[in-house]
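# Residue-level structure breakdown
Okay, here's what each chain looks like letter by letter:
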Amino acid sequence: MTTAEVAEVVALDKKCLGGLWQPEAYTREIDSDKSTLIALHLSQPETQKHQIIGMGCLWSIVDEAHITLLAVHPDYRRQGLGQLILFKLLEDAIARNLAWATLEVNENNLDAINLYQKYGFQVAGKRKNYYQPAGDDALVLWLKNIQQNEFKTKLARWKQQLTERLSTNSYSLK
């Protein structure tokens, strides 16, 4: 993600997350060497236009990858794009030599919970009234041992499966 894309990302944030972060927060994350901020672009070669349809953010805290954001535009959900963002964040966590990953997810967001559990995240706890104004609880999820060869092998297998799934929707990894 670049600073030139912040306004478009903030609009996507508002649509997907209810306006979780302001422009200054995105700019701060872009400038931080402890953060990875991903924007997922849908490119239309015939018009040379692109649209940001997804985003993700990871904070590197000591040896932890804290995934703070993961969102896909509602029109593009259930096509493997959230999985692509999560995959790229985990790839980055491995490259940063982080030992585990963590995140919070709304306990009512069953699609997201299923995605995270597919990648091996497990429930470690609950944060009461975490999501406002509704007062929904958050599940705290952890994924351990991401530097172990067993996890890296699984990640490589998931990359192949993800590439195949994306190609069925005419998407490609770049």
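As the structure is a computational prediction, the values presented were derived from the model and not from experiment.

Rules used throughout
Residues numbered from 1 in each chain as written. Predicted model: local features only at pLDDT ≥ 70, side-chain atom pairs only at ≥ 80, totals over all residues. Heavy atoms only, no water. Helix = DSSP H or I, 4+ residues; strand = E, 2+ residues; numbered from the N terminus. Buried < 20%, exposed > 50% of the residue type's maximum accessible area, 1.4 Å probe, protein only. Contact = heavy atoms within 4.5 Å. Patch = residues over 30% accessible without salt bridge, like charges linked within 9 Å, V, L, I, M, F, W, Y side chains within 5 Å. Areas by Shrake-Rupley, 256 points an atom, 1.4 Å probe, with all protein chains shown as cover. Salt bridge = Lys/Arg side-chain N within 4 Å of Asp/Glu carboxyl O. Pairing = 2+ DSSP bridges. Right-handed = clockwise from strand over helix to strand, strands pointing away. Axes fitted to C-alpha atoms, helices over the stretch in contact; angles between N-to-C directions. Parallel < 35°, antiparallel > 145°, perpendicular 65-115°, else oblique. Left-handed = near helix turned anticlockwise from the far one by under 90°. Nonpolar A, V, L, I, M, F, W, Y, C, P; charged D, E, K, R; others polar. Core = buried A, V, L, I, M, F, W, Y, C linked by side-chain atoms within 4.5 Å.

What follows concerns the environment of Trp158. Tracing the chain through its elements places Trp158 in helix H5 (residues 149-168). A relative accessible area of 8% places Trp158 in the buried class. As for Trp158 and Lys118, which are separated by 40 residues in sequence, their C-alpha atoms are 9.9 Å apart. Not counting chain neighbours up to four residues away, the residues in contact with Trp158 comprise Lys118, Tyr119 and Phe151.

Before going further, it helps to examine the environment of Thr163. Inspection of the secondary structure puts Thr163 in helix H5. Owing to a relative accessible area of 33%, Thr163 belongs among the partly exposed residues under this scheme. Sequence separation of Thr163 and Tyr130 is 33 residues, and the distance between their C-alpha atoms is 34 Å.

Turning next to a nonpolar patch on the surface. Together, Trp59, Ile61 and Val62 make up a nonpolar patch on the protein surface, roughly 300 Å² of accessible area in all. Tracing the chain through its elements places Trp59 in strand S2 (residues 49-61). Trp59 sits in the partly exposed class, given a relative accessible area of 30%.

The subject of this paragraph is the pairing of strand S4 (residues 100-106). It is a general feature of regular strands that their side chains alternate between the two faces of the sheet. Most of S4 sits inside the fold, with six of its seven residues counted as buried. Here four bridges tie strand S3 (residues 64-72) to S4, and the two strands are oriented parallel to one another. Following the sheet pairing, Ala65 is matched in S4 by Ala101. The handedness of the S3 to S4 crossover, carried by helix H3 (residues 81-95), is right-handed.

Time to look at the packing of H3 against helix H4 (residues 110-118). Across the interface, H3 lies against H4 with an axial gap of 11 Å and an inter-helix angle of 45 degrees. The angle between the axes of H3 and H4 places the two elements in the oblique class. For the crossing formed where H3 meets H4, the hand is right-handed. Contacts from Gly82, Gln83 and Leu86 of H3 reach H4 at Leu115, Tyr116 and Lys118. Class assignment of the residues belonging to the contact of H3 with H4 gives a composition of three nonpolar, two polar and one charged.

Moving on, we come to the side chain of Ser60. If you trace the backbone, Ser60 turns up in strand S2. Apart from residues lying up to four places away in sequence, Ser60 is in contact with Lys34, Arg96 and Leu98.

Moving on, we come to the nonpolar core. Residues Leu86, Leu90, Tyr116, Tyr119 and Phe121 are the most contacted members of the largest nonpolar core, which totals 39 residues. Among the elements that take part in this core, H3 stands out by supplying nine residues, more than any other. The contact partners of Tyr116, leaving out residues within four places of it in the chain, are Leu70, Leu86, Leu103, Val105, Phe121 and Leu141. Membership of the second largest hydrophobic core comes to 15 residues, among which are Val10, Ile52, Cys57 and Leu69.

A word on the side chain of Glu29. Here Glu29 is to be found in helix H2 (residues 23-31). Under the relative-accessibility criterion, Glu29 is labelled buried at 7%. With near-sequence residues (within four places) excluded, Glu29 lies in contact with Trp21, Ser35, Leu37, Cys57 and Trp59.

Moving on, we come to the pattern of salt bridges. Side-chain pairs of opposite charge can arise where the charged atoms are in close proximity. Under the defined criterion, the tally for this structure stands at eight salt bridges. The salt bridge partner of Asp92 is Arg96, with a shortest N-O separation of 2.9 Å. Between Lys126 and Glu107 there is a salt bridge, with the nearest N and O atoms lying 3.1 Å from each other. Of the two residues, Lys126 sits in strand S5 (residues 122-131) while Glu107 sits in the loop between S4 and H4, which places them 19 residues apart along the sequence.

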